[in-house]
Amino acid sequence: MKLRFAPSPTGYLHVGNARTLLLNWFQAKKNNAEFVLRFDDTDQERSEDKYVDQIRTDLHWLGIDYSNELKQSDRLDLYARAAKTLKDSGRLYPCYETKNELDFKRKRQLSQGRPPVYDRAALRLSQEEIKEFEAEGSTPHWRFKLDQEASITWEDAAHGTLTFEAKHFSDPILLRENGAPVYTLSGVVDDLDMGITHIIRGDDHISNTAIQIQLMEALGGSGNDFIFAHMPLLTGSDGGGLSKRLGSLGLKDLKEQQVEPMSILSYLGTLGNSSDAETYTSTEAFLEKFDLKNFGKSAPKFSMEDLERTNEKFLQLVSFDQIKERLNQLGFTNITPEFWLTIQGNLKYLTDVKELYDICYNNITPHVEDQDYMATALNLLPETPWTTDTWKEWTCALKEKTGRKGRELFMPLRQALTAANHGPEMKNILPFIGPEKTMKRLKGETA
Ligand code: GLU
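Note that the structure is predicted; figures quoted are calculated from it, not measured.

> Any chance you could explain the overall build of the protein chain here in plain terms?
The helix and strand inventory of the protein chain stands at 18 helices and 10 strands. The C-alpha radius of gyration of the protein chain comes to 31 Å, more than 25% above the 22 Å expected for a compact globule of 447 residues. Dimensions of the protein chain, computed from C-alpha atoms along their principal axes, come out at roughly 110 × 40 × 40 Å. Split into buried and exposed, the 447 residues of the protein chain put 49% on the buried side. Long-range contacts, defined here as pairs at least 24 residues apart, represent 74% of the contacts in the protein chain between residues at least 6 apart. Accessible area for the protein chain stands at about 22200 Å²; split by element, carbon and sulfur atoms hold 47% of it.

> Any chance you could explain the sheet that holds strand E5 (residues 141-144) here in plain terms?
To summarise the sheet geometry, strands pair through backbone hydrogen bonds and adopt either a parallel or an antiparallel arrangement. The 3 strands lie next to each other as E4-E5-E8, forming an open sheet whose pairing is antiparallel. If you trace the sheet from one side to the other, it starts and ends with strand E4 (92-95) and strand E8 (173-175), each paired once. Averaged over all adjacent pairs, the angle separating strand axes in this sheet is 45°, with direction ignored. Pairing between E4 and E5: 4 bridges, direction antiparallel. Each bridged residue has a counterpart across the sheet, and for Tyr93 the counterpart in E5 is Arg143.

> Looking at this structure, I do not really get a negative patch on the surface. What am I missing?
Judged by side-chain charge, Glu128, Glu129, Glu132 and Glu136 come together as a negatively charged surface patch. Looking at the secondary structure, you find Glu132 in helix H5 (residues 127-135).

> So what exactly am I meant to see when it comes to the environment of Ile359 here?
Inspection of the secondary structure puts Ile359 in helix H14 (residues 353-361). A relative accessible area of 4% means that Ile359 is categorised as buried. Contacts of Ile359, omitting those with residues within four sequence positions, involve Ile364, Leu417, Thr418, Ile429, Ile433, Lys437 and Arg441.

> I tried to follow the pairing of strand E3 (residues 68-71) on my own but got confused; where do I start?
Two faces make up the sheet, and in a regular strand the side chains alternate between them. Across 4 bridges, strand E2 (residues 34-39) lies against E3 in parallel orientation. Within the sheet, the bridge partner assigned to Leu37 lies in E3 and is Glu69. Regarding the hand of the β-α-β motif, the stretch spanning E2, helix H2 (residues 49-62) and E3 is right-handed.

> Before we go on, may I ask you to explain the site of the ligand in this structure?
Near the ligand you find Arg4, Ala6, Ser8, Asp40, Tyr183, Arg201 and His205, and these make up its full shell. Interatomic distance of 2.8 Å between a backbone N/O atom of Ala6 and a nitrogen atom of the ligand. Within the side chain of Ser8, a nitrogen or oxygen atom sits 2.9 Å from a nitrogen atom of the ligand. About the coverage of the ligand: the protein hides 80% of its 300 Å² of free accessible area.

> Can you walk me through the pattern of salt bridges in this structure?
Once the charged atoms of two side chains with opposite charge are near each other, the side chains can pair. Enumeration over the complete set of coordinates arrives at 24 salt bridges. In this structure, Asp191 and Arg38 form a salt bridge, with 2.8 Å as the shortest nitrogen-oxygen distance. Of this pair, Asp191 sits in helix H6 (residues 183-193) while Arg38 sits in strand E2, placing them 153 residues apart in sequence. A single burial state applies to Asp191 and to Arg38, both of which are buried. Arg46 is the salt-bridge partner of Asp43, the closest N and O atoms lying 3.4 Å from each other.

> Just to check I follow, could you spell out helix H4 (residues 99-111) for this structure?
Since the α-helix turns once every 3.6 residues, residues separated by three or four places project in the same direction. In this model H4 runs 18 Å from its N-terminal to its C-terminal C-alpha over 13 residues, within 8% of the 18 Å that 1.5 Å per residue would give. As for H4, its buried residues are in contact with E5.

> For this particular structure, what's the right way to read the nonpolar core?
Inside soluble globular proteins, nonpolar side chains tend to come together where they are buried. By size, the foremost hydrophobic cluster in this structure holds 83 residues, and its most contacted members are Phe302, Trp340, Val353 and Trp394. Sort the elements by how many residues they give to this core and helix H1 (residues 15-30) lands first, with 8 residues. Apart from residues lying up to four places away in sequence, Trp394 is in contact with Ala377, Leu380, Leu381, Pro382, Leu413, Leu417, Leu430, Thr438 and Leu442. Counting residues in hydrophobic clusters, the runner-up holds 32 residues, among them Leu70, Trp142, Leu174 and Val188.

Procedures and definitions
- Residues numbered from 1 in each chain as written.
- Predicted model: local features only at pLDDT ≥ 70, side-chain atom pairs only at ≥ 80, totals over all residues.
- Heavy atoms only, no water.
- Helix = DSSP H or I, 4+ residues; strand = E, 2+ residues; numbered from the N terminus.
- Rg over C-alpha atoms; globule rule 2.2 N^0.38 Å.
- Buried < 20%, exposed > 50% of the residue type's maximum accessible area, 1.4 Å probe, protein only.
- Contact = heavy atoms within 4.5 Å.
- Areas by Shrake-Rupley, 256 points an atom, 1.4 Å probe, with all protein chains shown as cover.
- Pairing = 2+ DSSP bridges.
- Axes fitted to C-alpha atoms, helices over the stretch in contact; angles between N-to-C directions.
- Patch = residues over 30% accessible without salt bridge, like charges linked within 9 Å, V, L, I, M, F, W, Y side chains within 5 Å.
- Salt bridge = Lys/Arg side-chain N within 4 Å of Asp/Glu carboxyl O.
- Lys, Arg positive; Asp, Glu negative; His and termini not counted.
- Charge placed at Lys NZ, Arg CZ, Asp CG, Glu CD.
- Right-handed = clockwise from strand over helix to strand, strands pointing away.
- Near = heavy atom within 4 Å.
- Polar contact = N/O pair within 3.5 Å; in protein donor to acceptor, adjacent residues only side chain to side chain.
- Expected span 1.5 Å × (residues − 1).
- Core = buried A, V, L, I, M, F, W, Y, C linked by side-chain atoms within 4.5 Å.

Below is the structure:
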């Protein structure tokens, strides 16, 4: 088994691409199969190195490993050879129509209520006409001659049996005027050459697949050599298209927003799988349950709020050992396992640790209004060592002494000790703040 992720480096990866990436990678990992990163960069005008670099960075960030990396722009010889094979067998023919002419034909067909299928006019050109075009300096683009009599059918892992009549498709362009291969050709050549077994991609590629199956056959391969899974594209939470919003849902943006990579793996890996809504803290645990069969043909709804909730849940569940390195990266270096246990239920993002970390380990300026109450509180501070029972002991004593209760009793203490009106339970963080800081803060001192 061998799989690939084949992004076109013409933009940044967004959550939609990431889902395709992950489903391929999960399938590979689950089966100990090879997984290859292939840059489909034959569109020289739109492909950019900065996207190639960022895609590598994104994969690294997500923890996605791959055994090999290919770039189609390094393999042009291979596509030229395949084009020659097709020309020699009469399956690739030159066309000289300009874009405007093609547009015009299409519009006319549509206005006559006919499907806008290419009329194969180029196949009827005489040798003289071709010579004339050449003499005028026109260079042709090249189309693949489909077997229009054939039905194309395959068992799709997401959609079940799919069948198409070739006559409904235009002969696809495989080489541009400048000789550059189009993805339809280069993708097939590579999938055959690389020995790919599973092609998992968005269902916007379904009609490509119908065409590519004929192309595979024309090149000596077979569509039966592959398992195709065309995954429905993500929609917005209202069921509408996500495409307009995808620009702001880049992996790069999610990283900047401090969404944890594992939350993305867990969320996108369970999205569209009705039998699994768990939040996973490790790829290993996720893979135990992963089965491509659980992903059907209904379009999964992406919601940023749900991703955030998964992130929150992930932080609630993740062990200190697992998150330690990330905490270090963010500069939270002296966090103990006990402190992590105390705060992990109060985080939406890992960066929220900062507020709690500052309260326990850095200096803050307390909010103190009622100095008399603070003085009483100072006098009644319990003996050390402090535990999670200390808060109760302290506030009970204060209640008895002052007659205060509820908000009046607790809020001034919270404001003095944390400089905030809300946060984690005081009984949990008091031992971490410790007596020294507590005493100073009750006196209104920065500590
Ligand atoms: N480069 C194509 C894309 O990004 C690859 C599709 C495929 O997986 O074959 O859509």
